[in-house]
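Listed below are the residues making up each chain.
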Amino acid sequence: MKLRSLLILLVFSFTVSLAQPPSFDKKEFRYLFEQGNLMILEQFYDTALKTFLKLHQWDTAHANVAYKIGFLYLQSATNKAKSIPYLEQANRHLTKKYVEFEASERNAPEIAMYYLAVAYHLDYKFDEAIALFEKYKTRISAKNTDVIADINHRIEWCKNGKVLTNAPINFIITNMGDSVNSPYPDYSPVITADESMILFTSRRPGVGGMDNRTIDDQFYEDIWVCYRKPDGTWTEAQSIGPTINTFDHEATIGLSADGQQLFIYKDDKGDGNIYVSELNGNVFSVPEKLGTEPGDITDVNTIAWEPSACVSADGSTLYFVSDRKGGFGGRDLYKCVKLPNGRWSKALNLGPSVNSPYDEDAPFIHPDGKTLFFSSKGHKSMGGFDIFFSTKTDSGWTVPENMGYPMNTTDDDIFYVMSTDGRRAYFASYREDGKGEKDIYMATIPIPVSEPVALMLFYVKNGNGDPLDPSTVMHLISLETGETKDFRPVIGTGKTTVTLPPGKPYTLTIEVNGNNVYSEDLKTPYDDFTDIQKETYVRTIVLGELIASDTTKTVQPVDSVPLVKKDPDVIVKKDPDVKKDPD
């Protein structure tokens, strides 16, 4: 606490000094130069930038100050392009005998060449970046193999960028608007299969208000939620609540298709881990760390870093990220499968077809169960993390394919989730029309890369008006394969979100306390969920009563758009074993 207080006091004192600068003299110049360097070492980049910008006003010919400004702009979220003129100035005055912390050093170090190449790449000046990277390689020793490997990797990014930008894809990218985004960083969106609810991470004022800030003067991460309104717009973002959000960091990383399981990242004092929260009625439970219940054998969480996770629509497979030893690169993608006892298995690496020698992160498995989206710095990225997809086949995962430009950019593109029909993507990005540092966007995809999935919404109710028993479970048994998929209604609304292959025959059964209370045969619709503004398949099943189909034409769930069923000939039949009172 003493160190934190000292650093904050130091930052404040120099901010005041810059607000009321004295007339320029060498002593004051040296003093601010030294303190600006101290701010860089402590990673107070914003304050350091203000310091060096003031020094540049005092001495515009000082190439070393220009170098510092260029470096600092490269560390910013949205102003990286501003680094270019300063780094170009620095590159006109390079020296091998650079003295980093000396104010009398007016020349810039040769590494300024590297940073200018990085800036050119970020600004889509690929040829200029490649030429400068190649030139810088001639200035460093062949013994610096890590540096050379990094430069070669960046050159590959530039080459990939030239290919991708020459064949842009006609994405329609739309900012999610003021209801979702704020002047602060908003990112890592997750959605339900019917797109009725979006949760995301934000660094806006949350728990603790304006005073709860990190040492770098940012607000802590909290989780926020919006619901889709009948007109297709979104409700104002609201905190997910005190059962999840605390005075520390909490971040969204995954959401089950039905919205009943939320996967959360918690820093745990640097040992980042994956937690899960269950929806109980309308409130999410206190998150529990995966793998800590008695009898668990899974090694999802380790002493390594596990920053991301997602779960398949049927709940049978958990995909997650870890930088544990034994992988193919830095962060790798792993999976665990659900065991017969309901617990997660040991982790299995997804292998070298998906995992590159570089970092992978942010997996999302589509409801089709076979199309995996994720971000990677490897494969054929055009810069930083790019969004890729790979398809699971009988022989393994296919070679990942880049989602293309302008979905992907020269900077990091990460945290990407896809709608059930594969036509809409929700992701976070820095863009010129943004409300804050990062914003959440929706992209319309011209050609879906995932397989069609039938989205079906059931509302299970008791005929006597009693709440559903928490043991209620819906089984859908394939009449072609015999495979069973289990779905649990949301207690309180009875809403059950089902994603299955279209046009396939199933037997639907409902159990309460292990007793079969309802059964019928049905076929999944051929129509996938192609437009969030249009109707989709919806059914109301009232346990204990025989109801006509016309009573279920319109359903008004509290947390989604009004929906109309497409199968008016379906009759909900009373099962002979049904109980009037499930208890």
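The shown structure was predicted, so the numbers you read here are calculated from the model rather than taken from an experiment.

What about the packing of aromatic side chains?
What characterises a pair of aromatic rings is the spacing of the ring centres plus the angle enclosed by the ring planes.
Logical step 1: Using the criterion set out here, one finds 22 aromatic pairs in the structure.
Logical step 2: A ring pair is formed by F373 and Y416, whose centres lie 5.4 Å apart and whose planes are at 45 degrees; its orientation type is tilted. Of this pair, F373 sits in strand β18 (residues 371-376) while Y416 sits in strand β22 (residues 414-418), and the two are 43 residues apart along the sequence.
Logical step 3: On the basis of relative accessibility, which here comes to 3%, the residue Y416 falls in the buried class.
Logical step 4: Between K80 and the ring centre of Y430, over which it is positioned, the NZ or CZ distance is 5.8 Å.
Logical step 5: A cation over an aromatic ring shows up here: K338 above the ring of W344, its NZ or CZ 4.7 Å from the ring centre.

Regarding the nonpolar core
Logical step 1: Within the largest apolar cluster, 48 residues are counted, with the highest numbers of intra-cluster contacts made by F52, L55, Y67 and F133.
Logical step 2: A per-element tally of this core places helix α6 (residues 111-122) first, with ten residues.
Logical step 3: For F133, the residues in contact, after removing those within four places along its chain, are Y114, A117, V118, I151, R154, I155 and C158.
Logical step 4: Residues I191, A237, Y416 and M418 belong to the second largest nonpolar core, which totals 27 residues.

A closer look at α6
Logical step 1: In this model, α6 (twelve residues) spans 17 Å end to end at C-alpha, consistent with the 16 Å of a helix rising 1.5 Å per residue.
Logical step 2: Burial of α6 is extensive: eleven of the twelve residues sit out of reach of the surface.
Logical step 3: Next to the buried residues of α6 lie α4 (63-74), α5 (83-91), β1 (94-95), β2 (108-109), α7 (126-137) and α8 (145-165).
Logical step 4: Positive phi appears at Y124, one or two residues downstream of α6, with a value of about 65 degrees.

Examining the pairing of strand β4 (residues 186-191)
Logical step 1: Burial within β4 is extensive, with six of its six residues counted as buried.
Logical step 2: Inspection of the sheet shows β4 paired to strand β5 (residues 197-202) by four bridges, in the antiparallel sense. Looking at the pairing, V190 lines up with L199 of β5.

Focus: the pairing of strand β31 (residues 537-543)
Logical step 1: By the criterion of burial, β31 is predominantly enclosed, with seven of the seven residues buried.
Logical step 2: Residues Y537, R539, I541 and L543 line one face of β31 and the alternating positions V538, T540 and V542 line the opposite face, and both faces are buried.
Logical step 3: Note that strand β25 (residues 454-462) and β31 share seven bridges and pair parallel. When the sheet's bridge partners are listed, N462 is paired in β31 with L543.

Topic: the side chain of T507
Logical step 1: Structurally, T507 is set in strand β29 (residues 505-512).
Logical step 2: Residue T507 is classed as buried on the basis of its relative accessible area of 15%.
Logical step 3: Non-local contacts of T507, meaning those with residues more than four positions away in its chain, are made with H475, L476, I477, L479, S519, E520 and D521.

Re the sheet that holds β5
Logical step 1: Pairing is antiparallel across the open sheet formed by four strands, whose spatial order is β4-β5-β6-β7. For this open sheet the edge positions go to β4 and β7 (238-239), each flanked by a neighbour on one side alone.
Logical step 2: The pairing of β5 with strand β6 (residues 222-227) spans six bridges and is antiparallel. Counterpart to T201 in the pairing with β6 is I223.

Section: the sheet that holds β29
Logical step 1: Spatial ordering of the open sheet is given by β27-β26-β29-β30, a layout of four strands whose pairing is antiparallel. Looking at which strands have only one partner, the edges of the open sheet turn out to be β27 (484-487) and β30 (515-523). Across this sheet, the average inter-strand angle for adjacent strands is 20 degrees, counted without regard to direction.
Logical step 2: Relative to β27, strand β26 (residues 473-478) runs antiparallel, the two sharing four bridges. Considered in β27, the bridge of H475 is made with D486.

Concerning the layout of surface pockets
Logical step 1: Considering only enclosed or pocket space, the second largest pocket measures out at about 1,200 Å³ in volume.
Logical step 2: Of all the secondary-structure elements, those providing two or more residues to the lining of the second largest pocket are β9 (261-266), β10 (273-280), β12 (288-289), β26, β27 and β28 (495-500).
Logical step 3: Broken down by class, the residue content of the lining of the second largest pocket amounts to 17 nonpolar, 20 polar and 13 charged.

Here we look at the environment of E437
Logical step 1: Position of E437 relative to the elements: it lies in the loop between β23 (424-429) and β24 (439-444).
Logical step 2: For E437, a relative accessible area of 26% puts it in the partly exposed group.
Logical step 3: Put simply, E437 and T78 are 359 residues apart on the chain and 6.6 Å apart in space, counted from C-alpha to C-alpha.

A closer look at unusual backbone geometry
Excluding glycine, most residues fall at negative phi; most peptide bonds, likewise, are trans.
Logical step 1: Across the junction of Y405 and P406, the peptide omega takes the value 10 degrees, indicating a cis bond.
Logical step 2: Relative to the helices and strands, P406 is located in the loop between β21 (401-402) and β22.
Logical step 3: The phi dihedral of S188 is positive, around 55 degrees, even though this residue is not glycine.
Logical step 4: In this structure, S188 sits in strand β4.
Logical step 5: If you check the backbone angles, H379 has positive phi at about 55 degrees while not being a glycine.
Logical step 6: Looking at the secondary structure, you find H379 in the loop between β18 and β19 (386-393).

Here we look at the confidence of the model for the protein chain
Logical step 1: Taken as a whole, the protein chain shows an average pLDDT of 87; of its residues, 87% reach a score of 70 or greater.
Logical step 2: Contacts for the low-pLDDT stretch residues 1-22, under 50 throughout, to residues beyond four places or in other chains number 27 contacts.
Logical step 3: This stretch, residues 546-583, has a pLDDT under 50; its non-local contacts, to residues over four places away or in other chains, come to 79 contacts.

Observations regarding the side chain of T472
Logical step 1: For T472, the location among the structural elements is in the loop between β25 and β26.
Logical step 2: Contact partners of T472, with chain neighbours within four places excluded, come to R488, P489, I510, E511 and V512.

Concerning α4
Logical step 1: Its twelve residues give α4 an end-to-end C-alpha distance of 17 Å, which sits within 8% of 16 Å, the value for a rise of 1.5 Å per residue.
Logical step 2: Of all the twelve residues making up α4, twelve are buried; the element is thus mostly covered by neighbouring parts of the structure.
Logical step 3: Considered for burial, the residues of α4 that qualify are A63, N64, V65, A66, Y67, K68, I69, G70, F71, L72, Y73 and L74.
Logical step 4: On the buried face of α4, the contacting elements are α2 (26-41), α3 (45-58), α5, β2 and α6.

Definitions and limits used
Residues numbered from 1 in each chain as written. Predicted model: local features only at pLDDT ≥ 70, side-chain atom pairs only at ≥ 80, totals over all residues. Heavy atoms only, no water. Phe/Tyr/Trp six-rings, centres within 6.5 Å; stacked < 30°, edge-to-face > 60°. Helix = DSSP H or I, 4+ residues; strand = E, 2+ residues; numbered from the N terminus. Buried < 20%, exposed > 50% of the residue type's maximum accessible area, 1.4 Å probe, protein only. Lys NZ or Arg CZ within 6 Å of the ring centre and 35° of its normal. Core = buried A, V, L, I, M, F, W, Y, C linked by side-chain atoms within 4.5 Å. Contact = heavy atoms within 4.5 Å. Expected span 1.5 Å × (residues − 1). Pairing = 2+ DSSP bridges. Axes fitted to C-alpha atoms, helices over the stretch in contact; angles between N-to-C directions. 1 Å grid on protein atoms, 1.4 Å probe; cavity = no way out; pocket = protein on both sides within 12 Å on 5 of 7 lines; lining within 4 Å. Points joined across faces, edges and corners; volume = space filled by probe spheres on them. Nonpolar A, V, L, I, M, F, W, Y, C, P; charged D, E, K, R; others polar. pLDDT = per-residue confidence, 0-100.

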